[in-house]
Amino acid sequence: MSARVRAVVGIERTVSDLARTEAFYRDGLGFARIGPPEPVPPPVLQAFGLPDAAATRLTMRLGDQRIGFLAFDPPGAPYPDAPCATDPFFQHAAIPVRDMDAAFAHLSAAGPGAISVGGPQTLPPDSGGVTAYKFRDPDGHPLELIVFPGGPPAERWRGARGLFLGIDHSAITVTDRAAALAFYGDRLGLAVAQRGVNRGEGQARLDGVPDPVVDVIALEPTGAATPHVELLHYRCPMSARPRPAAFGPRDRATTRFVLAVEDAPETAAAIRAAGYPARVSADGSTAYAEGPDGRGLLLVAS
């Protein structure tokens, strides 16, 4: 049993303060809100397994891509102390920029929390040749500024406007590469678009970890290159965090993929058949699942 994902609609993050989050993403990264904050619809809360919860959603866009922020009352657990790029709950949003120096200077005024050491890093050609900088928002959620040196990744952003161009992908750290590929590829139908192994001093400074060796695998839905999923599998160093990560939708360490599917109950059944939990709303429009490492997936019928 398999279920094809039509598109990665975007990502959604649980945060503590919507006003603070909006200011950071607007002033530091050029995002714009799409309407005022609104109550989270009952089908989504039912799929989360939190039918009686109170939660508000703010949706923002950058170019053609969207990101959602949810604040719960009462809130869940805060982002864990001393987070690391190798944590199994690590999930960043990669934002291509037109000029790294200008983007880094603009972002710095918003006071991000640094992940990368020593500012933006340029990786060697055998590690993709990108220039990138990783950092955290006020709740601890990781993000990345990135400049592609050429090829299809650079070409797809050539016509975008502004300094901050959009959301290219969301990268997740996975502890079992084979299990992640089986789930996102075989089960959900995402195709491998690119793969490589990154290592060296530039990668160490980018990730803020010593001597990393990391598999980087891009996975795309059919006909939709942005945003897409990127798997990060650290051969070393290994994470000291337990897996799967013990966080639910209410907790602030969570970032969820929002996936458009043809049939939410059918997709949820396919995920359950693979041995992962999935819950469907009463009206069948929405489902919430947890894949490898407890990664959250909000499935929306489209």
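Caption draft 1: Local environment of the overall build of the protein chain. Looking only at helices and strands, the protein chain has 7 helices and 18 strands in total. In terms of overall size, the protein chain behaves like a compact globule, its C-alpha atoms giving a radius of gyration of 18 Å where 302 residues would be expected to give roughly 19 Å. For the protein chain, the C-alpha atoms occupy an extent of roughly 50 × 40 × 40 Å along the three principal directions. Put simply, the protein chain has 302 residues, and 54% of those count as buried. At a minimum sequence separation of 6, the contacts of the protein chain that also span at least 24 residues come to 70%.

Caption draft 2: Region of interest: empty space enclosed by the protein. Under the criterion given, the structure shown has 2 cavities of 30 Å³ or more. A volume near 110 Å³ is recorded for the largest cavity. Together, 13 residues line the largest cavity, and Phe 89, Thr 254, Gly 294, Arg 295 and Gly 296 are the ones closest to its centre. In terms of residue class, the lining of the largest cavity is built from 6 nonpolar, 5 polar and 2 charged.

Caption draft 3: The packing of aromatic side chains, seen in detail. One pass over the full model with this rule turns up 11 aromatic pairs. Between Tyr 133 and Phe 135, the ring centres sit 5.8 Å apart and the planes meet at 15°, which makes this aromatic pair stacked. The class of Tyr 133 is buried, set by a relative accessible area of 6%. The exposure class of Phe 135 is buried, given its relative accessible area of 0%. Here the aromatic cluster, defined as three or more aromatic residues joined through ring pairs, consists of Phe 24, Tyr 25, Phe 31 and Phe 69.

Caption draft 4: Geometry of the layout of surface pockets. Its boundaries defined by the atoms lining it, the largest pocket holds a volume of some 600 Å³. Taken together, 33 residues line the largest pocket, and the ones lying closest to its centre are Val 130, Phe 148, Gln 194, Val 216 and Glu 230. For the lining of the largest pocket, the leading source of residues is strand E12 (residues 191–199), giving 5 residues. Split by residue class, the lining of the largest pocket holds 14 nonpolar, 10 polar and 9 charged.

Caption draft 5: Spatial organisation of the environment of Asp 101. Within the secondary structure, Asp 101 is located in helix H3 (residues 100–108). You can call Asp 101 exposed: its relative accessible area is 64%. For the pair Asp 101 and Ala 273, spaced 172 residues apart in sequence, the C-alpha separation works out to 48 Å.

Caption draft 6: Highlighting the state of the cysteines. Enumeration according to the criterion identifies 0 disulfides in this entry. Between Cys 84, a cysteine without a disulfide, and Cys 236, which holds the nearest cysteine sulfur, the sulfur-to-sulfur distance is 12 Å.

Caption draft 7: Quick look at the pattern of salt bridges. Scanning all chains against the criterion turns up 12 salt bridges. The shortest N-O distance in the salt bridge between Arg 156 and Asp 168 comes to 2.8 Å. With Arg 156 in the loop between helix H4 (151–155) and strand E11 (169–173) and Asp 168 in the loop between H4 and E11, the pair connects residues that are 12 residues apart, well separated along the chain. A salt bridge links Arg 235 to Asp 215; its shortest N-O distance comes to 2.8 Å. Of this pair, Arg 235 sits in strand E14 (residues 228–236) while Asp 215 is found in strand E13 (residues 213–220), placing the two residues 20 residues apart along the sequence. What makes Asp 215 buried here is its relative accessible area of 4%. Counted as one network, the salt bridges with shared partners bring together Glu 12, Arg 57 and Arg 256.

Caption draft 8: A look at the side chain of Thr 255. Residue placement: Thr 255 occurs in strand E15 (residues 255–261). Only 3.1 Å separates the side chain of Thr 255 from the side chain of Arg 13, close enough to count as a polar contact. Of the polar contacts made by the side chain of Thr 255, one reaches the side chain of His 141; its length is 3.5 Å. Leaving out residues up to four positions away in the same chain, Thr 255 has contacts with Ile 11, Glu 12, Arg 13, Gln 91, His 141, Arg 295 and Gly 296.

Caption draft 9: Spotlight on the nonpolar core. With 50 residues, the main nonpolar core has Leu 29, Leu 145, Tyr 184, Leu 231 and Leu 297 as its most contacted residues. With residues up to four places along the chain from it excluded, the contact list for Leu 145 reads Leu 29, Ile 95, Val 97, Met 100, Ala 103, Phe 104, Leu 107, Thr 131, Ala 132, Tyr 133, Phe 135 and Phe 164. Counting residues in each nonpolar core, the second largest holds 13 residues, with Val 44, Leu 50, Val 258 and Tyr 288 among its members.

Caption draft 10: Here's a closer look at helix H5 (residues 177–187). Here H5 has its buried residues at Ala 180, Leu 181, Phe 183, Tyr 184, Gly 185 and Arg 187. Buried-residue contacts for H5 involve E11, E12, E13, E14, helix H7 (264–273) and strand E18 (296–301). Looking one or two residues past H5, Gly 189 carries a phi angle of roughly 85°, positive in sign.

Caption draft 11: Expanded view of the pairing of strand E1 (residues 5–14). Buried residues dominate E1, accounting for 7 of its 10 residues. The pairing of E1 with E15 spans 7 bridges and is classified as antiparallel. Counted as the bridge partner of Glu 12 is Arg 256 from E15. Here E1 runs beside strand E5 (residues 65–73); their pairing, made up of 5 bridges, is parallel.

Parameters at a glance
Residues numbered from 1 in each chain as written. Predicted model: local features only at pLDDT ≥ 70, side-chain atom pairs only at ≥ 80, totals over all residues. Heavy atoms only, no water. Helix = DSSP H or I, 4+ residues; strand = E, 2+ residues; numbered from the N terminus. Rg over C-alpha atoms; globule rule 2.2 N^0.38 Å. Buried < 20%, exposed > 50% of the residue type's maximum accessible area, 1.4 Å probe, protein only. Contact = heavy atoms within 4.5 Å. 1 Å grid on protein atoms, 1.4 Å probe; cavity = no way out; pocket = protein on both sides within 12 Å on 5 of 7 lines; lining within 4 Å. Points joined across faces, edges and corners; volume = space filled by probe spheres on them. Nonpolar A, V, L, I, M, F, W, Y, C, P; charged D, E, K, R; others polar. Phe/Tyr/Trp six-rings, centres within 6.5 Å; stacked < 30°, edge-to-face > 60°. Disulfide = S-S within 2.5 Å. Salt bridge = Lys/Arg side-chain N within 4 Å of Asp/Glu carboxyl O. Polar contact = N/O pair within 3.5 Å; in protein donor to acceptor, adjacent residues only side chain to side chain. Core = buried A, V, L, I, M, F, W, Y, C linked by side-chain atoms within 4.5 Å. Pairing = 2+ DSSP bridges.

So far we have only geometry, and geometry alone does not tell us how the molecule works.
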